[in-house]
Amino acid sequence: YYISSRNLSPEELLHHARMEWTVETMHWILDVHFREDFCRIQDKEVQKNFNMLRKAAINLIKQFRNSHTPKSPLSHIMLNCLIDPDYLFDVFCGE
């Protein structure tokens with residue numbers, strides 16, 4: 001079920017719900033893969049900068065995955081980046 005105070009058509013409601021889940025998916029990735037909820041940085045500006053860097057990293061990994069290994073989980077690509085600096089370079093440069 002989906003509760004909304006707006007009077008929407010079924011198509012608009014479906015679009016609205018999907019857009020919200022897109023945001024939730026991004027937050028889930030940040031929480032699970034980057035453990036963002038456990039970050040103890042106190043300075044708000046530094047928090048914002050790290051958040052932007054994490055999102056940029058996710059975008060790079062997703063672009064690499066879509067062009068090279070579409071069925072590979074993000075976690076496998078991230079682990080390979082940690083293990084192999086050449087693989088990290090490939091992801092970073094989009095090769």
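Residues numbered from 1 in each chain as written. Predicted model: local features only at pLDDT ≥ 70, side-chain atom pairs only at ≥ 80, totals over all residues. Heavy atoms only, no water.

This next bit is on the overall build of the chain. Along its length, the chain carries four helices and zero strands. Ordered by position from the N terminus, the helices and strands of the chain form the series α-α-α-α. On C-alpha atoms alone, the chain measures out to a radius of gyration of 17 Å, which is more than a quarter above the 12 Å that the 2.2 N^0.38 rule sets for 95 residues. Taking all 95 residues of the chain together, 18% fall into the buried category. Counted over contacts in the chain with a minimum sequence separation of 6, partners at least 24 positions apart contribute 39%. Accessible area for the chain stands at about 7,900 Å²; split by element, carbon and sulfur atoms hold 59% of it. (Helix = DSSP H or I, 4+ residues; strand = E, 2+ residues; numbered from the N terminus. Rg over C-alpha atoms; globule rule 2.2 N^0.38 Å. Buried < 20%, exposed > 50% of the residue type's maximum accessible area, 1.4 Å probe, protein only. Contact = heavy atoms within 4.5 Å. Areas by Shrake-Rupley, 256 points an atom, 1.4 Å probe, with all protein chains shown as cover.)

Attention now moves to the nonpolar core. If you look at the biggest cluster of nonpolar residues, it comprises 11 residues: Ile-29, Leu-30, Ile-58, Ile-61, Phe-64, Leu-74, Ile-77, Met-78, Cys-81, Tyr-87 and Val-91. Contributions of two or more residues to this core are made by α1 (10-33), α2 (44-68), α3 (74-83) and α4 (85-93). What Val-91 contacts, discounting residues up to four positions off in sequence, is Leu-60, Ile-61, Phe-64, Ile-77 and Cys-81. (Core = buried A, V, L, I, M, F, W, Y, C linked by side-chain atoms within 4.5 Å.)

Now for α3. Residues separated by three or four positions in an α-helix point in the same direction, a consequence of the helix having 3.6 residues per turn. Taken together, the buried positions of α3 are occupied by Leu-74, Ile-77, Met-78 and Cys-81. Burial along α3 is one-sided: seen end-on, the buried residues are contained in an arc of 100°. (Arc of directions from axis to C-beta.)

When two helices pack together, you describe them by how their axes are tilted relative to each other and by the distance separating the axes. Viewed as axis vectors pointing N to C, α3 and α4 meet at an angle of 125°, and their least axial separation amounts to 5 Å. When the interaxial angle is binned, α3 and α4 end up oblique. Note that α3 runs across α4; the crossing there is left-handed. Seen from α3, the contacting residues are Ile-77, Asn-80, Cys-81 and Ile-83; seen from α4, they are Pro-85, Tyr-87, Leu-88 and Val-91. In terms of residue class, the contact of α3 with α4 is built from seven nonpolar, one polar and no charged. (Axes fitted to C-alpha atoms, helices over the stretch in contact; angles between N-to-C directions. Parallel < 35°, antiparallel > 145°, perpendicular 65-115°, else oblique. Left-handed = near helix turned anticlockwise from the far one by under 90°. Nonpolar A, V, L, I, M, F, W, Y, C, P; charged D, E, K, R; others polar.)

Moving on: the packing of aromatic side chains. Where two aromatic rings form a pair, the distance of their centres and the angle of their planes describe that pair. Under the criterion given, the structure shown has one aromatic pair. Pairing Phe-64 with Tyr-87 gives two aromatic rings, centres 5.4 Å apart and planes at 80°, and the pair type is edge-to-face. Note that Phe-64 is positioned in helix α2 and Tyr-87 in helix α4, a separation of 23 residues in sequence. When sorted by exposure, Phe-64 lands in the same class as Tyr-87, which is buried. (Phe/Tyr/Trp six-rings, centres within 6.5 Å; stacked < 30°, edge-to-face > 60°.)

So far we have only geometry, and geometry alone does not tell us how the molecule works.
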